[in-house]
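# Coordinate analysis (summary)
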Amino acid sequence: MPKKKSSGRKYSKGAGKAVKSAMHRKKSGTLRSGKGGKGGKVKSRKQAIAIGLSEARKKGAKVPRKK
């Protein structure tokens, strides 16, 4: 059987914007981890992306579920 093509986008435009915003905050040094931003400064790019996706998920954007 041929493999079924996935339909449309995996992540919504809103999710992309949330990640972009998180990356900008990381670069300016204002992105923090933990509940309520009480954790340490985020240094890793992967962590910044994860925070952006998490924020998008909370806003109800189309983001695939966490594994």
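Given the structure is predicted, the values throughout are model-derived calculations rather than measurements.

Thresholds applied
- Residues numbered from 1 in each chain as written.
- Predicted model: local features only at pLDDT ≥ 70, side-chain atom pairs only at ≥ 80, totals over all residues.
- Heavy atoms only, no water.
- Axes fitted to C-alpha atoms, helices over the stretch in contact; angles between N-to-C directions.
- Helix = DSSP H or I, 4+ residues; strand = E, 2+ residues; numbered from the N terminus.
- Parallel < 35°, antiparallel > 145°, perpendicular 65-115°, else oblique.
- Left-handed = near helix turned anticlockwise from the far one by under 90°.
- Contact = heavy atoms within 4.5 Å.
- Buried < 20%, exposed > 50% of the residue type's maximum accessible area, 1.4 Å probe, protein only.
- Core = buried A, V, L, I, M, F, W, Y, C linked by side-chain atoms within 4.5 Å.

## Notes on the packing of helix H1 (residues 13-28) against helix H2 (residues 45-59)
One way to put it is that H1 packs onto H2 with a least axis distance of 8 Å and a crossing angle of 135°. When the axis of H1 is compared with that of H2, the two are oblique. Viewed along their axes, H1 and H2 form a crossing whose handedness is right-handed. Contacts between H1 and H2 involve Ala15, Ala18, Val19, Ala22, Met23, Arg25 and Lys26 from the first element and Arg45, Ala48, Ile49, Gly52, Leu53, Glu55 and Ala56 from the second.

## As for the environment of glycine 36
Positionally, glycine 36 belongs in the loop between H1 and H2. The class of glycine 36 is exposed, set by a relative accessible area of 73%. A sequence separation of twelve residues divides glycine 36 from histidine 24, and the C-alpha atoms of the two residues are 18 Å apart.

## A word on the nonpolar core
As a rule of thumb, soluble globular proteins bury nonpolar side chains together. Membership of the largest hydrophobic core is limited to twelve residues, which are Ala15, Ala18, Val19, Ala22, Met23, Leu31, Val42, Ala48, Ile51, Leu53, Ala56 and Val63. Elements that contribute at least two residues to this core include exactly H1 and H2. Ranked by the residues each element gives to this core, the list is headed by H1, at five residues. In this structure, valine 19 is in contact with Ile49, Gly52 and Leu53, ignoring residues within four places of it in sequence.

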